[in-house]
Every structure is written in C-alpha cells, then in structure tokens.
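What the coordinates show
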Amino acid sequence: RTDILRSQLEWLRAEQRAEKEQLHKLEGSLSDSLLLEKKVQRKAAKQRELRDFHQQRAFEVDRKIGMLRQEINSQESRPRAGSVASRTQPNLSTSSQSFPPPALSKDDKASTALELDKTRGRQTELNQFDATAAAAVAAAVEA
C-alpha cells in the first residue's frame, strides 16, 4: 500500500512539474505577444502620422498648382503691353515651406530610417517640382 501511494505521489509531482513548465512557456509567449502588440501599435501610430503628413503636403502642392494655373491663365489673358520686368512674379514663398517629420521614439528610429530617407527624397522631389513650376510660369510670362 505504501508503494502505491509513493508511486502516485511521484506521478503527481511529475505532472506538477510538467504543468509548471507549460505555464512558464505560456507566460513567456504572452509576454512576447504583449511586446509585439505594443510594437505594432507604435508602428501603426507612426504610419498614421506619416499618412497625415503626406496628406497635408499633397493638399499644399495641389493648392500651389491651382495658384500657378490661375497665374498662368491671368498672364495669358492680359494684353501683351509693357515689358517683362513690369510684370510681377507669382509669390512662391510657401514653396520652400516644409513640415517637420513626425517625432519618433528610440525604438522606432532604427526601423524607420529607410522610410524617413524615402520621405525626405519625396520632399526634395516636391521642392524640385515647385522650382520647375516656378520656372515654367516665368517662361510663360516672358513669352
């Protein structure tokens, strides 16, 4: 009878060890999942900030294009009397305006360096577009 109780006790201890190991693994998995969830939430917030930044920039560029088209139309509809010097150039002071990139946490800096480089490249392209559009207006005024 004692031997049966001892074997049952050993069996229960082994079962308890197995359950503790399983619990430990599940706790580790939960911690990993929580960390991953936080990382995904930070990434989603950063993506929303970038989206908002680009939407604002696209709105500004569309507005500038409209202003330039209006200026071109008004220049084309004016009589061609007077010199080119007497005509005013469109105010493109906002073309050099740039918005600061969204703030990033330390964790996100390394993972978003490439994305920020791409964003800065797009900003440079947009500024070059603004300069090209201004040159086109100047050429249209001179013509």
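The written sequence of each chain sets the order in which its residues are numbered from 1. Local features are withheld for residues below a pLDDT of 70 in this predicted model, meaning they are given only at 70 or higher, and side-chain atom pairs are given and counted only at 80 or more; totals for whole chains, interfaces and linings count all residues. Computation of side-chain values: all heavy atoms of the structure, hydrogens and water removed.

Segments assigned H or I by DSSP are reported as helices when at least four residues long, segments assigned E as strands when at least two residues long, and all are numbered from the N terminus. The number of helices and strands found in the protein chain is two helices and zero strands. Each residue gets one of three labels from its accessible area relative to the maximum for its type: buried under 20%, exposed over 50%, partly exposed in between, using a 1.4 Å probe on protein chains only. Each of the 143 residues in the protein chain was classed as buried or not, and the buried ones make up 17%. For the protein chain, long-range pairs separated by at least 24 residues make up 79% of all intrachain contacts whose partners lie at least 6 apart in sequence. For accessible areas, the Shrake-Rupley method is used with a probe of radius 1.4 Å. Any residue's cover is judged against the shown protein chains and nothing else. Counting only carbon and sulfur atoms, one obtains 56% of the accessible surface of the protein chain, whose full area is about 11100 Å². Any two residues having at least one pair of non-hydrogen atoms within 4.5 Å are treated as being in contact.

To continue, consider the confidence of the model for the protein chain. Per residue, pLDDT captures the predictor's confidence, and it can take any value from 0 to 100. When pLDDT is averaged across the protein chain, the result is 77; 55% of the residues are at 70 or more. Low confidence marks residues 92-96, where pLDDT is under 50. Its contacts with residues over four positions away, or in another chain, come to seven contacts.

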